[in-house]
Amino acid sequence: MLTDLGPPAAVSAVDYEVSEAEAPLHPKNLFLLDYWRSKMGRDSIVMRASIDPAELKKVLGGLFIVEPVDQGKDLLYRLVGSQNERRLGMRYMGRRFTECYSPEMAADQIAFHNRVFQSGTPAFLRGRLLGIDLEYVQFEASYLPIMRHDGLHQMLGGMYDMAEPT
């Protein structure tokens, strides 16, 4: 069970160096992409209701779901896997990006997510992530757009340490 990590200690303590990748390399992101594709409807949209957490057990620790708030000016974490919260040293679920990251990192991530929402196609980032009181770790993240029943966007994603066993 995840211990209480409390509020962010220092918003600027989470940082990263990142670049876009054409396709995932990490086996868990490959699994997540295949799963997402298997849930795609004829309209090329994946509905949130078709995502079954029981089918995602092997990737849950690194999973996240975010959605836009304030007309896309910020994003809210709806779900964050326990491995990611533990690695970064704080709770993200229920928090906005502007609460969790430096202003620059939040703005970059909000713009990136909004671009993925608009395109409706998957995107992938690979780079180095610095958590609170942690050294950089090589990571890969996937961003897979989904839609709620009310037509609002969400993003299903996974973030995994490249050295993590499958």
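To keep things clear, this report deals only with the structure shown in the data block. On a predicted model such as this, the values are computed, not experimentally measured, just so you know. (Residues numbered from 1 in each chain as written. Predicted model: local features only at pLDDT ≥ 70, side-chain atom pairs only at ≥ 80, totals over all residues. Heavy atoms only, no water.)

### Quick notes on the side chain of Arg148
Then comes step 1: With respect to the helices and strands, the residue Arg148 is situated in the loop between β5 (137-147) and β6 (153-161).
Then comes step 2: At a separation of 3.2 Å, a polar atom in the side chain of Arg148 contacts the side chain of Glu67.
Then comes step 3: Not counting chain neighbours up to four residues away, the residues in contact with Arg148 comprise Met47, Arg48, Glu67 and Gln154. (Helix = DSSP H or I, 4+ residues; strand = E, 2+ residues; numbered from the N terminus. Polar contact = N/O pair within 3.5 Å; in protein donor to acceptor, adjacent residues only side chain to side chain. Contact = heavy atoms within 4.5 Å.)

### Section: the pattern of salt bridges
Then comes step 1: If you walk through the whole model with that rule in mind, you get 10 salt bridges.
Then comes step 2: The partner of Glu20 in a salt bridge is Arg115, and the shortest N-O contact between them spans 2.4 Å. Of the two residues, Glu20 sits in strand β1 (residues 15-21) while Arg115 sits in helix α4 (residues 103-119), which places them 95 residues apart along the sequence.
Then comes step 3: Overall, Glu20 belongs to the partly exposed group, its relative accessible area being 47%.
Then comes step 4: Arg115 gets classed as partly exposed once you look at its relative accessible area, which sits at 40%.
Then comes step 5: Residue Glu85 is joined to Arg91 by a salt bridge in which the shortest nitrogen-to-oxygen separation is 3.3 Å.
Then comes step 6: By relative accessible area, which is 28% here, Arg91 ends up partly exposed. (Salt bridge = Lys/Arg side-chain N within 4 Å of Asp/Glu carboxyl O. Buried < 20%, exposed > 50% of the residue type's maximum accessible area, 1.4 Å probe, protein only.)

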